[in-house]
Amino acid sequence: MIKTEKILHLKSCRGRKVRVVREHYLREQVPCFSSLCQADCDNADGKVLPGDLTHYVVPDVGVVVDYLEILEFRELQGVVFTQTACQAVQHSKGRRQYNRLRNLLKDPRHDCVLFANEFQEYSYCPREKGESQEKWQTRCVYSAAVWYYNHLAGMMDVVMITEDQDAVAQYSSLNSGVYVISVQDYLQDFWSQVQAAHELYSSISQALQEKESEGTEREFTEHLPAEVLEAGIKSGRYIQGTLNVSKHQHSEASIMTEGLSNKNKDLSWGVLVCGGKNRNRAVHGDVVVVELLPKSEWRGKDTALTEAQGEEKSGEEADSKPMPTGRVVGILQRNWRDFVVTFPPREGPQPQSRNSQRILAVPWDRRIPKIRISTQQADALQDHRVVVRIDSWESTSQYPNGHSVRVLGRAGELETEVQTILIENCIHVPPFSDAQLREMPVNSPERPWRMDPAQVAERRDLRESHLVFSIDPRGCEDVDDTLSVRSLTGGELELGVHIADVTHFVPEGSLTDLEARSRATTYYLADRRYDMLPAVLSADLCSLLGGVDRYAMSVLWELDAQTLEVRNVWYGRTLIRSSYQLHYELAQALLNAEQAEVPELAGLGSEEKDAKLAELTQALEMLTHVARHLRAQRDRGGALELEGVEVRAQLDEERNITALVPRLPLEVHETVAECMIYANHWVARKIQEAFPHQALLRRHPPPRQEFFSQLVDSAAARGFTIDTRTNKALAESLDRALDPQDPLVNRLLRIMATTAMSQALYFSTGLQSQDQYYHYGLALDRYTHFTSPIRRYADIVVHRLLTAAISMDTRADPGRALANNKELEELAHHINTKNWASQRAQKLSTELFQCLYFKERDPESDPRCVADAVIYAIRDNGVLVFVSEYGVKGPVYLRNREGQVVAAGRDGRCEWQSGSVRRHADHITTVSSCGTSTFTLFDHITIRISVRSTSCHADSLNLEVISNKPHRSAEPQQPSSQGRCQLVQEVVRLAEEASQQAQEKAARRPKLSREEREFSQSKTPNLYSLLEEIRELALLDLDMAAHVCATTA
Ligand SMILES: [Zn+2]
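If you check an unreviewed UniProt entry, the protein appears there as DIS3-like exonuclease 1 from Perca flavescens. Checking UniProt for the protein, the heading Catalytic activity (unreviewed entry) contains the comment "Exonucleolytic cleavage in the 3'- to 5'-direction to yield nucleoside 5'-phosphates."

Take a look at the structure:
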């Protein structure tokens, strides 16, 4: 090893240049991470570049700093990042960009490696006197490229890419086999087919040119240096928090102050930041530092009714009393993501310029400021949605600068809008790659999948001993849970829950595992779903179908025959063969001793058939008996029954929805759900006891009491008392709040209760004290997710934990090391984030379909645009209503911008008149020349639905009162939510027609019909999981619950 000195020129936080001398050690052996290595490099820990490429590419420092996004394309293979370039990113681009690079290097899906060129004796070059930093860095990178070529004995050509034209001239002909070319030439020569990379390149280079020609006039105050911010936070002068821009009032933002609320009661509702100057270039989601303004400048939040205000928590509707108000003095961390923007329509004749134009693109998310983009496509992309990234926001610029990444399509088209929703929620679901699919087991008619004899020897075989069956919605394909129940010889009962053994097929760290982990869940939109796992697992080998051998993870309880107390629990891997794939109605019919045809018994003689039928019915009865007992146990603990599912889609053999049937309250739903909750609970106990500091559980914190104020006040208006002190009290008082005249009242109260709830969360047991493990909604001391590993990554983690816990019991080696508390907590955070994203995306896609549906209709003449609505909250200038027919919630204004108010005539018909409006606790009145009109909580009114269209944002529904009397439609009242499902079908059909007309390409057709098939595919999620999640309050919104059911149950 050779010791030398290395001189670094660093920039201090204040911008001063510092010269640092470091000792530097050079080695002969530095891993090259190439499979062609001839020199026995230690390439063991890390990815290895394949040897069958045409070349390796070594990007220069400037390329890595400015064009990293291009190097992120998975198509680009054999990328060697030099240490020199990585350090430059760290110094000039900050932590976020550096982490991005590190993640790229770690991700096995990307074919790139890190070469520590500055530690390699023959690759390192010391900086020469008078040499600029940039020139020296370029020389280092070139030297690394040459080293690679030589190290691999000339077997692999090496291309260095640089934006420095001098370097191209200087180095391109120095060594044969080592080429030096510009990024543009490189893309042209090697990746001409990757069009997106070319577009991204020109977009970034335009943005860079633009940056150089920026003005100098200051629009904002400079941010303070990091050390000043840090000292200020410590001393209490400044406050740190995440900037949250108001959804309804975009000039208003607040700072969520983590952990500060205890110290300073004033700040428990956060700090208000009003206006652009005070926000000082902070963007929604950034971690910022604020300074409080003097008390005289404090302000209150705006509380007037604005668009789409239906879903806020009641606690947020604080009165407008002044609260701490401040200004942003610095930004600790930018949280810029990919933003969808719309290129604005261009007004008037445009100069015919070939050069790029600067345009202000309007983000789809109203909380994000306009972004300035330089582009040559400003005209071509009018009214298109485009993905952009923000590059910088200088104090001299009124808007942030960004560059476009890719074009999604014309605004308003279904596919464009669906992609927009995915990107806006950071949901990335590319098709599974070939490499991922190669990991999958094969199951084809030629090569049918068979159980491995080693597995058969290892697992407990339940195929002969246990009657296993599944109960799912009709037409279900992916069965991830099955049940068994039997009497043991000693008289005890044995209950069994058997779950698809996904982790057997998905080893930790495999490509499939990494993809599933990054998705974290299967995503359900109104018309389609994106699976977490490839179909060969989710619909075939992991699916516990009837009549085939499958691997399972089982929990078996031995219960006292009389008291049903648990005597013993067994957890382990098993072999099962499900005998019956029942659907809910069939199972219930058997229980009710009704005439029912069980398909599995169709071919049998009547005697054998009767015997088998009796056996099955007896098992179902036993199961019901056990589940009733379990439910009663939880009820005593205070489990909540919240607003649930109302309708269910019935599917034909093609899996098309043929009818929507109001949900019959089948007890068997509850029976299945109860068994799954029980299994989740017992697995939670098992893994928590085995790994007290590193088990993944799910907790549901009790709600904040102030969020219940709307529920309590609204109920009081109808004469009901809601006791929110405990979950038990709440559950009981909700049960009592029944209006015999109007069942919707109870339903609305339950919606309000659900809205007031906190979200359930995954967490690592090491992070919380045990009293925090409680699941409020289910009234259980420990809970986790174990029963749906096909569609939730949390369950996969839990299966691995359970497997490790079982091996510990048998003193066997627990296998690979488990994630520690910190890693697990990070994973839990990731899964929670993805779950929320998935819920938001689902909700947005429902709203999208609602808007597309109503966009087709004329609100003035189409009777479907008129509906009955119930008032569920009162605001200053209007009311919030719920339209049960379409599952829509939203505001109805009683005073418009012109100051006119809604006046109801004697027949109830409403019109706009000049007048005034007055808000009371449980009603609101308008006074005009026609007299006084009153709108009271829980009143039914008639509304007209139309679409409010804006080209730059999502469309929204506009609800307008046309009569203050209930609506009676000419047709018999449809079951609620029926309109919703028709609506999805209708919109899909229209979009399909439109796309067929637009392009008669044959390729388009199968794609849509596949989606159509998926959209009506059943069981995903199954009704059980719906019930469970609604119970669990993971789904906070009734819309969503009804919607998921209508489209997938
Ligand atoms: Zn090597």
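Here the narrative resumes.
Draft legend 1. Representation of the overall build of the protein within the structure. Each helix and strand in the protein was counted, giving 26 helices and 39 strands. Counted over contacts in the protein with a minimum sequence separation of 6, partners at least 24 positions apart contribute 69%. With an accessible surface of roughly 46300 Å², the protein has 48% of that area assigned to carbon and sulfur atoms.

Draft legend 2. Broad picture of the coordination of the zinc ion. Taken together, C32 (SG), C37 (SG), C41 (SG) and H151 (NE2) make up the protein donors of the zinc ion, found 1.9 to 2.3 Å from the metal. Between consecutive donors of the zinc ion, the numbers of intervening residues give the motif C-x4-C-x3-C-x109-H. Of the residues examined, C41 reaches a relative accessible area of 12% and is grouped as buried.

Draft legend 3. Inspection of the sheet that holds strand 36 (residues 923-928) at higher detail. Within the open sheet, the four strands sit side by side as 34-35-36-37. Their pairing is antiparallel. Edge positions in the sheet fall to strand 34 (900-904) and strand 37 (931-936), since each of these pairs with one other strand and no more. In this sheet, adjacent strand axes meet at a mean angle of 50 degrees when their direction is disregarded. When strand 35 (residues 910-919) meets strand 36, the two strands line up antiparallel, connected through five bridges. Bridge assignment links G915 to a residue of strand 36, and that residue is S928.

Draft legend 4. Molecular detail of the pattern of salt bridges. The full count for this structure, using the stated rule, is 49 salt bridges. E597 is the partner of K609 in a salt bridge, and the nearest nitrogen-oxygen pair spans 3.2 Å. A residue pair is termed long-range when its members are at least 10 positions apart, and K609 in helix 16 (residues 606-637) and E597 in the loop between helix 15 (584-591) and helix 16 qualify at twelve residues. Relative accessible area serves as the criterion here: at 22%, K609 is assigned to the partly exposed category. Connected via shared salt-bridge partners are D107, R109, E515 and R519.

Draft legend 5. Spotlight on the packing of aromatic side chains. Taken as a whole and judged by the stated rule, the model has 15 aromatic pairs. Between W449 and Y551 the ring centres are 5.5 Å apart and the planes differ by 85 degrees, which places this aromatic pair in the edge-to-face class. Taken together, the positions of W449 in the loop between helix 10 (434-438) and helix 11 (453-458) and Y551 in strand 24 (residues 549-559) put the pair 102 residues apart, joining distant regions of the chain. Y551 shares its class with W449; the two are buried.

Draft legend 6. Representation of the pairing of strand 29 (residues 696-699). With burial as the criterion, each face of strand 29 is covered, one bearing L696 and R698 and the other bearing L697 and R699. Here four bridges tie strand 29 to strand 30 (residues 761-764), and the two strands are oriented antiparallel to one another. Bridging from a neighbouring strand, L696 pairs with S764 of strand 30.

Draft legend 7. Local environment of helix 20 (residues 743-756). Relative to the 20 Å expected for 14 residues at 1.5 Å per residue, helix 20 spans 21 Å between its end C-alpha atoms, a close match to the ideal helical length. The buried fraction of helix 20 is high, at 13 of 14 residues. Where helix 20 starts, the residue carrying a side-chain oxygen 3.0 Å from the main-chain nitrogen of L744 turns out to be D742.

Draft legend 8. Here's a closer look at the nonpolar core. Core analysis: the largest hydrophobic core is formed by 90 residues, its most contacted members being F469, I471, W557, L582, L620, L696 and F786. Setting aside chain neighbours within four positions, we find W557 in contact with L493, E494, L495, G496, V497, V566, N568, V569, Y678, A679 and W682. Counting residues in hydrophobic clusters, the runner-up holds 70 residues, among them A88, Y98, M160 and A197.

Draft legend 9. Inspection of the packing of helix 1 (residues 61-71) against helix 2 (residues 83-106) at higher detail. In contact at an axis separation of 9 Å, helix 1 and helix 2 are set at 20 degrees when each is read in the N-to-C sense. As summarised for this structure, helix 1 and helix 2 are arranged roughly parallel, according to the angle between their axes. In this structure, helix 1 crosses over helix 2, and the sense of that crossing is left-handed. Only T84, A85, A88, V89, S92, K93, Q97, R100, L101 and L104 of helix 2 make contact with helix 1, whose side of the interface consists of V61, V64, V65, D66, L68, E69 and L71. Tallied by class, the residues present in the contact of helix 1 with helix 2 amount to ten nonpolar, three polar and four charged.

Draft legend 10. Representation of the sheet that holds strand 24 in the model. If you trace the seven strands from one edge of the open sheet to the other, you get 18-25-24-21-20-19-26, paired in mixed fashion. Two strands in the sheet have a free side with no partner beyond their single neighbour: strand 18 (460-461) and strand 26 (580-583). Across four bridges, the pairing between strand 19 (residues 468-472) and strand 26 is parallel. Looking across to strand 26, one finds that F469 is bridged to Y580. Contacts from helix 16 reach strand 19, strand 20 (481-487), strand 21 (493-500), strand 24 and strand 26, with the element oriented near 95 degrees to strand 20.

Draft legend 11. Representation of unusual backbone geometry within the structure. Unusually for a residue other than glycine, A153 sits at a positive phi of about 55 degrees. Within the fold, A153 resides in the loop between helix 3 (133-151) and strand 6 (157-161). Even without being glycine, L564 reaches a positive phi, approximately 65 degrees. The class for L564 is buried, based on a relative accessible area of 6%.

Draft legend 12. A look at the packing of helix 15 against helix 17 (residues 667-690). Between helix 15 and helix 17, the shortest axis-to-axis distance is 8 Å and the interhelical angle comes to 105 degrees. One element, helix 15, and the other, helix 17, form an angle in the roughly perpendicular class. When helix 15 is examined against helix 17, the residues Y584, A587, Q588 and L591 are found in contact with a partner set consisting of E667, V668, H669 and V672. When grouped by side-chain class, the residues that make up the contact of helix 15 with helix 17 number five nonpolar, two polar and one charged.

Calculation criteria
- Residues numbered from 1 in each chain as written.
- Predicted model: local features only at pLDDT ≥ 70, side-chain atom pairs only at ≥ 80, totals over all residues.
- Heavy atoms only, no water.
- UniProt positions renumbered as here; feature names shortened; annotations may be inferred.
- Helix = DSSP H or I, 4+ residues; strand = E, 2+ residues; numbered from the N terminus.
- Contact = heavy atoms within 4.5 Å.
- Areas by Shrake-Rupley, 256 points an atom, 1.4 Å probe, with all protein chains shown as cover.
- Donors = N, O, S within 2.8 Å, 3.2 Å for Na, K, Ca; no water.
- Buried < 20%, exposed > 50% of the residue type's maximum accessible area, 1.4 Å probe, protein only.
- Pairing = 2+ DSSP bridges.
- Axes fitted to C-alpha atoms, helices over the stretch in contact; angles between N-to-C directions.
- Salt bridge = Lys/Arg side-chain N within 4 Å of Asp/Glu carboxyl O.
- Phe/Tyr/Trp six-rings, centres within 6.5 Å; stacked < 30°, edge-to-face > 60°.
- Expected span 1.5 Å × (residues − 1).
- Polar contact = N/O pair within 3.5 Å; in protein donor to acceptor, adjacent residues only side chain to side chain.
- Core = buried A, V, L, I, M, F, W, Y, C linked by side-chain atoms within 4.5 Å.
- Parallel < 35°, antiparallel > 145°, perpendicular 65-115°, else oblique.
- Left-handed = near helix turned anticlockwise from the far one by under 90°.
- Nonpolar A, V, L, I, M, F, W, Y, C, P; charged D, E, K, R; others polar.

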